[in-house]
Amino acid sequence: MQLQPIMLSGLDPDRMAEASGVLPTVEQVGNAVGLAVLTTVFFRAHSLGGSIMMMAAVAVVAIILAVATLAMTERRRAPVTAVG
């Protein structure tokens, strides 16, 4: 599922070009920082038990983020009823 169209769908057409340029940059910086943090924490866990716990924590965070993302997309797809 492509998330970029969902993220940009609420913007004014005048701001679309700016946001579509900023979004990939922010994604790349976030990916780099996240990978650096995870790598640092993972390799600081000196024992096998620490490594397993780290992988379990990453899996839990990934599942939570996936559920939150799907919930946001479902909320956007809900039909809007007219008032009055």
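Definitions and limits used
- Residues numbered from 1 in each chain as written.
- Predicted model: local features only at pLDDT ≥ 70, side-chain atom pairs only at ≥ 80, totals over all residues.
- Heavy atoms only, no water.
- Helix = DSSP H or I, 4+ residues; strand = E, 2+ residues; numbered from the N terminus.
- Areas by Shrake-Rupley, 256 points an atom, 1.4 Å probe, with all protein chains shown as cover.
- Salt bridge = Lys/Arg side-chain N within 4 Å of Asp/Glu carboxyl O.
- Buried < 20%, exposed > 50% of the residue type's maximum accessible area, 1.4 Å probe, protein only.
- Contact = heavy atoms within 4.5 Å.
- Patch = residues over 30% accessible without salt bridge, like charges linked within 9 Å, V, L, I, M, F, W, Y side chains within 5 Å.
- pLDDT = per-residue confidence, 0-100.

1. Focus: the overall build of the protein
Helix and strand counts for the protein come out as three helices and zero strands. The linear arrangement of helices and strands in the protein, starting from the amino end, is α-α-α. With the model as given, the accessible surface of the protein reaches about 7,000 Å², and the carbon-plus-sulfur share is 70%.

2. Points about the pattern of salt bridges
This structure, assessed with the given rule, holds one salt bridge. Between arginine 15 and glutamate 18 there is a salt bridge whose closest N-O contact spans 2.9 Å. With a relative accessible area of 48%, arginine 15 lands in the partly exposed category. Classification of glutamate 18 as partly exposed rests on a relative accessible area of 47%.

3. Looking at the environment of serine 20
Looking at the secondary structure, you find serine 20 in helix H2 (residues 16-44). Ignoring any residue separated from it by four or fewer positions in sequence, one finds serine 20 in contact with Gln4 and Leu8.

4. Topic: a nonpolar patch on the surface
A cluster of nonpolar side chains, contributed by Val29, Val33, Val37 and Val41, occupies part of the molecular surface with about 320 Å² of accessible area. Mapped onto the elements, valine 29 comes out in helix H2.

5. What to know about the confidence of the model for the protein
Confidence in the prediction for the protein averages 77 pLDDT; 81% of positions are at 70 or higher. Taking the mean pLDDT of every element in the protein, the minimum, 74, falls on helix H1 (residues 4-8) and the maximum, 82, on H2.

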